[in-house]
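Coordinate inspection notes
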Number of protein chains: 2
Amino acid sequence: MRSTALSCNEKIGEHVELSGWVERVRTHGKISFFDLRDRSGTIQIAAFDDLAGKVAELSIQDVVRIKGEVKARSEKYINPEISTGKVEIKLEELEVLVKAAEMQFDMGGKELKLELPTLLDFRSLTLRHQIIRPIFQIQSAILEGFRKASIELECEEIVVPEIAMEATEGGAEVFKVSYYGHSAFMTQSPQLYKQMLVPVFERVFTIAHAYRAEPSVTTRHLSVATQLDCEFGFMEFPELLDALESVGTKTVSYAASKHPEILKQFGVETPKIPKKIPRLTLREAQEIIFKEFGRDNRSEKDLNPQDEIDICKWALDKHGSDFVTITHFPTKKRAFYTMPDPENPEYSLSYDLLFRGVEI
Amino acid sequence: MRSTALSCNEKIGEHVELSGWVERVRTHGKISFFDLRDRSGTIQIAAFDDLAGKVAELSIQDVVRIKGEVKARSEKYINPEISTGKVEIKLEELEVLVKAAEMQFDMGGKELKLELPTLLDFRSLTLRHQIIRPIFQIQSAILEGFRKASIELECEEIVVPEIAMEATEGGAEVFKVSYYGHSAFMTQSPQLYKQMLVPVFERVFTIAHAYRAEPSVTTRHLSVATQLDCEFGFMEFPELLDALESVGTKTVSYAASKHPEILKQFGVETPKIPKKIPRLTLREAQEIIFKEFGRDNRSEKDLNPQDEIDICKWALDKHGSDFVTITHFPTKKRAFYTMPDPENPEYSLSYDLLFRGVEI
């Protein structure tokens, strides 16, 4: 029966078998160490005498199966930075299942300082690095947290088309697909599909790809993005904002609570979520930015990136909140399906949820 | 505070407010009834005198908000076919939020007998019908069940590309995409991505679209399918089959247990899942088909559709199982990444899980 690295914390004195990847090798003559990584994390393997020589020949990313005895580390060798830092395995058997090819760059360090093309050309390798892999574990947890929050609000999950006959939100920036000789497009948003499905299920959610053929290279332009979308019927505006904030905050807090060790690794603080998320209209937010930060954007139709950073700073200082909701953007600036405020149709019942300086 | 149809079961004597869609209207002079549908189900609304006249003017799919009092139905009016069949609402206020356009076909009946083009051209309407909508509630529950089963096996969720530079599994049947002037393809399978991510996470799952430009129109050819995929590292073949059967059976049983009322509506029996799912090699299955069903396909490289139906019938009769696992297909017939059986390389360590006559 195979054990995982993490499960060894509870198995001191036991003989275990593990499989995984070699992350780092350190040799000191008759003693060698290596870190073995599996789905649960990494654990230090200590080898003596003949086995130390065998370990010295291991390469980074070799795939191995080992047997050994779990030992408690003595106080001065405890490593508080990893979740198995109080134990190690005394190696008894080592089998190399697959020998890794020689790396063209160092995968064994704490950092991975590579140019972007190298990082991407060797993606199946670089994703394994301890500084990259956790990002996608957070992504995985965000997806799970979003779905939990949506299902809690009684949303039904829908699967929407990603090839369509028409562009969703207008504009020329669409990827064209040849569909049995017809011209078709990759969808730019699940928006209209989820609106059409509200009369079917009343409340829906979907996680879908959104495709935008925007030739810009910035952090706010992506050819493909994964979109997390809810849509609700019969909600008045304040209740809709409650739903928005519930899904937004629960998604983030679920991911944070599932992976405290990753937040620690990246020096990220646990999100601050007060009972009531501060809500501001666009004009109120711009007034605060003018008064507190000295920038007069009071007639702009949207917040710019610096405005978003500043208003989040304000929300954190004044309300202890990493989130802030901005409402009532000018009707003209929003998509055709946005409802004008009956009390002042120049502004719309629209909203953005900001988190630590970025609209989410 | 809005109530849902289903929640009225617990609110006899209370005054409630509901919003939803009009499903059926029945008028008898001074008494009218209609069914109101929301996300939770449908409930009968009874209207008297003036309100009866107002209800008589309602059209199917009108969007309404109502107020009324929840009443227990007398014994002889109980409707066991719907989940709110023991109650109804005595109408007190009726507001039509959106008047539906006149339907071009009958949406108010128990059945929806339309030609396929009509069914699809009016998809945003026909999806609302009580005979269509539940199919997609089952789909939603299948997605949820699959993810629960995968996460239970410690898989990490991955998001895979659906546009690629090369066709995944060869063949000319791919959709072409114009990608910033370059030629690209819609991916035919997440298979290779998940294999590449096993060295990152050891165990992964994904729900992804698979695109196949197959011009055939059969129930086994789809231009776009939603694929539910797991991949595991370091599992020996029997353990892999355990994982396959665990995910397959839990996905199905989760959906069935979440929606017993839909299974009842469609006359579908609860899946029969014994502790041990029967496992057969392809050759063993063909031998059974020869002996029990008289068709000699013992040298074929795969099961044909009738074989799959028959071997499932056998599994149900002999093992009380709606599932059966078939293993060891000829190596030549399977994709290049399938591992030949070390003990007999002519056959591979491959598997199909069958459920009620279909490979899933």
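Residues numbered from 1 in each chain as written. Chains lettered and ligands numbered in written order. Predicted model: local features only at pLDDT ≥ 70, side-chain atom pairs only at ≥ 80, totals over all residues.

**So, the pairing of strand β13 (residues 323-327) of chain A**
Residue and element names in this part refer to chain A. Among the five residues that make up β13, five are buried, leaving the element largely enclosed by the rest of the structure. With burial as the criterion, each face of β13 is covered, one bearing Phe 323, Thr 325 and Thr 327 and the other bearing Val 324 and Ile 326. Bridging between strand β12 (residues 279-281) and β13 involves three bridges; their strand directions are parallel. Its bridge partner being in β13, Thr 281 is matched across the sheet by Thr 327. As judged from the five bridges shared by β13 and strand β16 (residues 351-355), these two strands associate in the antiparallel manner. For Phe 323, the partnering residue across the bridge sits in β16 and is Phe 355. (Buried ≥ 20, exposed ≤ 12 C-beta atoms within 10 Å, placed from the backbone. Helix = DSSP H or I, 4+ residues; strand = E, 2+ residues; numbered from the N terminus. Pairing = 2+ DSSP bridges.)

**Looking at the relation of the copies chain A and chain B**
Between the two copies of this chain, the relationship is a rotation about some axis together with a displacement along it. Overlay of chain A on chain B (RMSD 0.0 Å): rotation 180°, translation along the axis 0.0 Å. Both chain copies can therefore be described as sitting about a two-fold axis. Ranked by how close their C-alpha atoms come to the rotation axis, the residues of chain A are headed by Val 177 of chain A, at 2.3 Å. An overlap of 100% is found between the interface residues of chain A and their copies at the interface of chain B, pointing to a shared contact surface. (Least-squares fit on C-alpha atoms with pLDDT ≥ 70 in both. Contact = placed C-beta atoms within 7 Å.)

**Points about the interface of chain A and chain B**
On the side of chain B, 38 residues touch chain A, which itself brings 38 residues to the contact. Breaking the side of chain A that touches chain B down by element, the ones donating at least two residues are β1 (15-28), α4 (133-152), β6 (156-157), β8 (176-179), α5 (191-201), β10 (203-211) and β11 (224-232) of chain A. Classifying every residue of the side of chain A that touches chain B gives 17 nonpolar, eight polar and 13 charged. Across three bridges, the pairing between β8 of chain A and strand β8 (residues 176-179) of chain B is antiparallel. The partner of Val 177 of chain A across the bridge, within β8 of chain B, is Val 177 of chain B. (Nonpolar A, V, L, I, M, F, W, Y, C, P; charged D, E, K, R; others polar.)

**Concerning the packing of helix α4 (residues 133-152) of chain B against helix α6 (residues 237-258) of chain B**
All names here are of chain B. α6 packs onto α4 with a crossing angle of 135° between their chain directions and a minimal axis gap of 8 Å. Taken together, the axes of α4 and α6 are oblique relative to one another. α6 is crossed by α4, and the crossing has right-handed handedness. Residues Ile 138, Ala 141, Ile 142, Glu 144, Gly 145, Phe 146, Lys 148, Ala 149 and Ser 150 of α4 lie in contact with α6, whose contacting residues are Ser 246, Val 247, Lys 250, Thr 251, Tyr 254, Ala 255 and Lys 258. Counted by class, the contact of α4 with α6 contains eight nonpolar, four polar and four charged residues. (Axes fitted to C-alpha atoms, helices over the stretch in contact; angles between N-to-C directions. Parallel < 35°, antiparallel > 145°, perpendicular 65-115°, else oblique. Left-handed = near helix turned anticlockwise from the far one by under 90°.)

**Comments concerning the domain arrangement of chain A**
By the assigned domains, chain A splits into domain 1 (6-98), domain 2 (132-265) and domain 3 (272-360). Inter-centroid distance (C-alpha atoms) of domain 1 of chain A to domain 2 of chain A is 41 Å. (Domains from an automatic or database assignment.)

**Looking at unusual backbone geometry**
It is generally the case that most residues other than glycine have a negative phi and that most peptide bonds are trans. Phi is positive for Glu 154 of chain A, close to 65°, though the residue is something other than glycine. Here Glu 154 of chain A lies in the loop between α4 and β6.

**As for the sheet that holds strand β6 (residues 156-157) of chain B**
Residue and element names in this part refer to chain B. Ordered by their spatial adjacency, three strands build an open sheet running β6-β10-β11, and the pairing between neighbours is mixed. Of all the strands in the sheet, the pair left with one neighbour each is β6 and β11 (224-232). Sheet topology note: the β6/strand β10 (residues 203-211) ladder contains two bridges and is parallel. Paired with Glu 156 across the two strands is Val 204, which belongs to β10. Where helix α5 (residues 191-201) meets the sheet, it contacts β6, β10 and β11, and its direction lies at approximately 160° from that of β10.

**Quick word on the pairing of strand β5 (residues 87-98) of chain B**
Residue and element names in this part refer to chain B. When strand β3 (residues 41-48) meets β5, the two strands line up parallel, connected through two bridges. If you follow Ala 46 over to β5, its bridge partner there is Lys 90. Pairing between strand β4 (residues 63-72) and β5: ten bridges, direction antiparallel. Within β5, the position partnered with Lys 67 by the bridge is Glu 93.

**Topic: the sheet that holds strand β2 (residues 31-38) of chain A**
Residues and elements named next belong to chain A. Taken together, five strands build a closed barrel; the order of strands is β1-β2-β3-β5-β4 and the barrel is mixed. Going from strand to strand, the sheet's axes swing by 55° on average, the running direction of each strand aside. Direction of pairing for β1 relative to β2: antiparallel, over a ladder of seven bridges. Counterpart to Val 25 in the pairing with β2 is Phe 34. Across the sheet, helix α1 (residues 49-56) touches β1, β2, β3 (41-48) and β5 (87-98), and the angle it forms with β3 is around 130°.

**Focus: the nonpolar core**
By size, the foremost hydrophobic cluster in this structure holds 92 residues, and its most contacted members are Ile 311 of chain A together with Ile 311 of chain B. In contact with Ile 311 of chain A, other than residues within four places in its own chain, are Ala 285, Ile 288, Ile 289, Leu 303, Val 324 and Leu 354 of chain A. In this structure, Ala 5, Cys 8, Trp 21 and Phe 34 of chain B belong to the second largest nonpolar core, which totals 23 residues. (Core = buried A, V, L, I, M, F, W, Y, C linked by C-beta atoms within 7 Å.)

**Concerning the environment of Lys 332 of chain A**
Checked against the element boundaries, Lys 332 of chain A lands in the loop between β13 and β14 (340-341). C-alpha separation for the pair Lys 332 of chain A and Met 107 of chain A, spaced 225 residues apart in sequence, amounts to 51 Å.

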